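# Structural characterization, general
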Amino acid sequence: MNIDLRTTYMGLDLKHPVVASASPLSGTLDGILRLEDAGAAAVVMLSLFEEQVQQQTDTMLRIMGSGEDGYAESLSYFPDHDDYPLDPDGYLETLHRASERCDIPVIASINGITNQGWIDIAKMMQQAGASGLELNIYYIPTGITLSGRAVEDLYLDVVTAVRDAVSVPLALKLNPYFSSFGDMAKQFDTAGADALVLFNRLYRPNFDLEHLQVVPRISLSSPAEIRLPLLWISLLHHRIKASLAASHGVDSAAEVIKYLLAGADAVMTTSALLRHGAGYVATLVEGLQEWMQSKDYASVRQMQGVMSQQRMSDPDAFERANYIRTLEHYDSDPVPETTPETAVR
Ligand SMILES: Cc1cc2nc3c(=O)[nH]c(=O)nc-3n(C[C@H](O)[C@H](O)[C@H](O)COP(=O)(O)O)c2cc1C
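The structure contained in this document is the topic of the report that follows. (Residues numbered from 1 in each chain as written. Predicted model: local features only at pLDDT ≥ 70, side-chain atom pairs only at ≥ 80, totals over all residues. Heavy atoms only, no water.)

## Observations concerning the overall build of the chain
- Looking only at helices and strands, the chain has 14 helices and 13 strands in total.
- By the burial criterion, 54% of the 345 residues in the chain qualify as buried.
- Across the chain, the fraction of contacts at a sequence separation of at least 24, relative to all contacts at a separation of at least 6, is 72%.
- Entry remark: accessible area of the chain is about 15,800 Å², with carbon and sulfur atoms responsible for 49%. (Helix = DSSP H or I, 4+ residues; strand = E, 2+ residues; numbered from the N terminus. Buried < 20%, exposed > 50% of the residue type's maximum accessible area, 1.4 Å probe, protein only. Contact = heavy atoms within 4.5 Å. Areas by Shrake-Rupley, 256 points an atom, 1.4 Å probe, with all protein chains shown as cover.)

Here it is as structure tokens:
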């Protein structure tokens, strides 16, 4: 059977749904070319951090009108300056050269929390040839006086400002920690986001018990972590205009398949590529293809959203009603996390 793997993500035509998400693998021209050679359908470049564009820590405090320390929190995620491969000029140069050399879309990425540092750089990324922009609005409201509404407004202000500044497709990489994520997704959609990437990998420091220090590490993900994005992709599929990209916990083709069944337009991966190398993209795509063949799916479009909430005969499966049933049967036969054959039961 001839299988059609094509999908459309944030208005971009992709040859299949597997996209390399932002990571050190996509921080250099060689790295991006390697990902293209390995078969990635698109590459999101390592982020340019707002702090690199504008090192003024008082900007956030001025905008938020508070002395809270969320900004300091985000700085701890910011890579050491000496270790970071790209300054803004280097970033734009790499983006420009990658856009010229690659046949696949190259999506530029900005990581930040205010709309001060991003606007000019977003325009420059567009000029440098970015196929699209991904905004990773990385704000952890660690203070205790900032309201949920103020945090939501911060996000919406950034999106509106960047949307007004560029015409290339715009994706938002989000964290799930809003009171009502569905409402926020709708508001981002209305504000002009072409895609939502679910979800960002937040900074979660660990404690070093020997030296009593906070250890600022980003750990690689595990397949168990797909469940929250899986839930929200299932819930949002066909309820908003924006494309949905899954970004968390892909370790094998099983996670790619589950995300597509939930309704993802694209499935992103970093940890798996860091573990197994860029060539692992081909393994994921082959696994997807084999599974589709075994289930008689002729195209990715045919399988997308088959297990979204709207398409399921038991929509309660995504809601509280099912939680009660789950508690009654907590020890019955768990769904294995990674075997493609058992991805759908
Ligand atoms: C070492 C490392 C560096 C990362 N750098 C970025 C980054 O610059 N910008 C960004 O938006 N996400 C970054 N991420 C997050 C990944 O793009 C991805 O969203 C996250 O790892 C979850 O996907 P995964 O489960 O496939 O790893 C990074 C992740 C890792 C592990």
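## Some remarks on the environment of Leu228
- Relative to the assigned elements, Leu228 resides in helix H9 (residues 227–236).
- Along the sequence, Leu228 and His248 sit 20 residues apart, while their C-alpha atoms lie 9.0 Å from each other.
- The contact partners of Leu228, leaving out residues within four places of it in the chain, are Pro176 and Phe199.

## Concerning the site of the ligand
- Among the 19 residues in the neighbourhood of the ligand, the closest are listed as Ala22, Ser47, Asn136, Ser221 and Ser271.
- Between an oxygen atom of the ligand and a main-chain N or O atom of Ala22, the distance comes to 2.6 Å.
- Within the side chain of Ser247, an N or O atom sits 2.9 Å from an oxygen atom of the ligand.
- Relative to its unbound accessible surface of 610 Å², the ligand loses 94% to contact with the protein.
- Residue classes in the shell around the ligand are distributed as six nonpolar, 11 polar and two charged. (Near = heavy atom within 4 Å. Polar contact = N/O pair within 3.5 Å; in protein donor to acceptor, adjacent residues only side chain to side chain. Nonpolar A, V, L, I, M, F, W, Y, C, P; charged D, E, K, R; others polar.)

## Here we look at the pairing of strand E12 (residues 243–246)
- Alternating residues of E12 divide into Ser243 and Ala245 and Leu244 and Ala246, and every residue in both groups is buried.
- For strand E9 (residues 195–198) and E12, the ladder comprises four bridges, and the chain directions are parallel. Each residue of the ladder has a partner; that of Leu198, found in E12, is Ala246.
- The pairing of E12 with strand E13 (residues 266–269) spans two bridges and is parallel. (Pairing = 2+ DSSP bridges.)

## Here's the deal with the packing of helix H1 (residues 29–37) against helix H5 (residues 88–101)
- At a closest axis distance of 9 Å, the pairing of H1 and H5 adopts a crossing angle of 30 degrees. Between H1 and H5, the interaxial angle falls into the category roughly parallel. In the crossing of H1 with H5, the sense of the turn from one axis to the other is right-handed. Counted together, Leu29, Ile32, Leu33 and Glu36 of H1 and Thr94, Arg97, Ala98 and Arg101 of H5 form the full contact between these two elements.
- Taken together, the residues of the contact of H1 with H5 break down into four nonpolar, one polar and three charged. (Axes fitted to C-alpha atoms, helices over the stretch in contact; angles between N-to-C directions. Parallel < 35°, antiparallel > 145°, perpendicular 65-115°, else oblique. Left-handed = near helix turned anticlockwise from the far one by under 90°.)

## Remarks on the pattern of salt bridges
- Counted by the stated rule, this structure contains six salt bridges.
- In this structure, Arg6 and Asp4 form a salt bridge, with 2.9 Å as the shortest nitrogen-oxygen distance.
- Measuring nitrogen to oxygen at the nearest pair gives 3.6 Å for the salt bridge that ties Asp251 to Arg275. Of this pair, Asp251 sits in the loop between E12 and helix H10 (253–262) while Arg275 sits in helix H11 (residues 271–276), and the two are 24 residues apart along the sequence.
- On the basis of relative accessible area, Arg275 is assigned to the partly exposed category, the value being 41%.
- Through salt bridges with shared partners, a single network forms among Arg149, Glu152 and Asp153. (Salt bridge = Lys/Arg side-chain N within 4 Å of Asp/Glu carboxyl O.)

## Concerning the nonpolar core
- Membership of the largest hydrophobic core comes to 89 residues, with the highest contact counts inside it found for Met125, Leu133, Val162, Phe188 and Leu196.
- Of the residues forming this core, the biggest block, eight residues, is contributed by helix H7 (residues 148–165).
- If we skip the residues at most four places from it in the chain, Leu133 touches Met10, Ile107, Ala108, Ala122, Met125, Val162, Val166, Val168, Pro169, Leu170 and Ala171.
- Core analysis: the second largest hydrophobic core is formed by 16 residues, Leu12, Val19, Val44 and Val197 among them. (Core = buried A, V, L, I, M, F, W, Y, C linked by side-chain atoms within 4.5 Å.)

## Side note on the environment of Gln289
- Its place among the elements puts Gln289 in helix H12 (residues 280–294).
- As a C-alpha pair, Gln289 and Ile3 span 286 residues in sequence and 7.2 Å in three-dimensional space.
- Beyond its immediate chain neighbours, meaning those up to four positions away, Gln289 contacts Ile3 and Leu5.

Bear in mind that shape data such as this cannot, by itself, settle questions of function.
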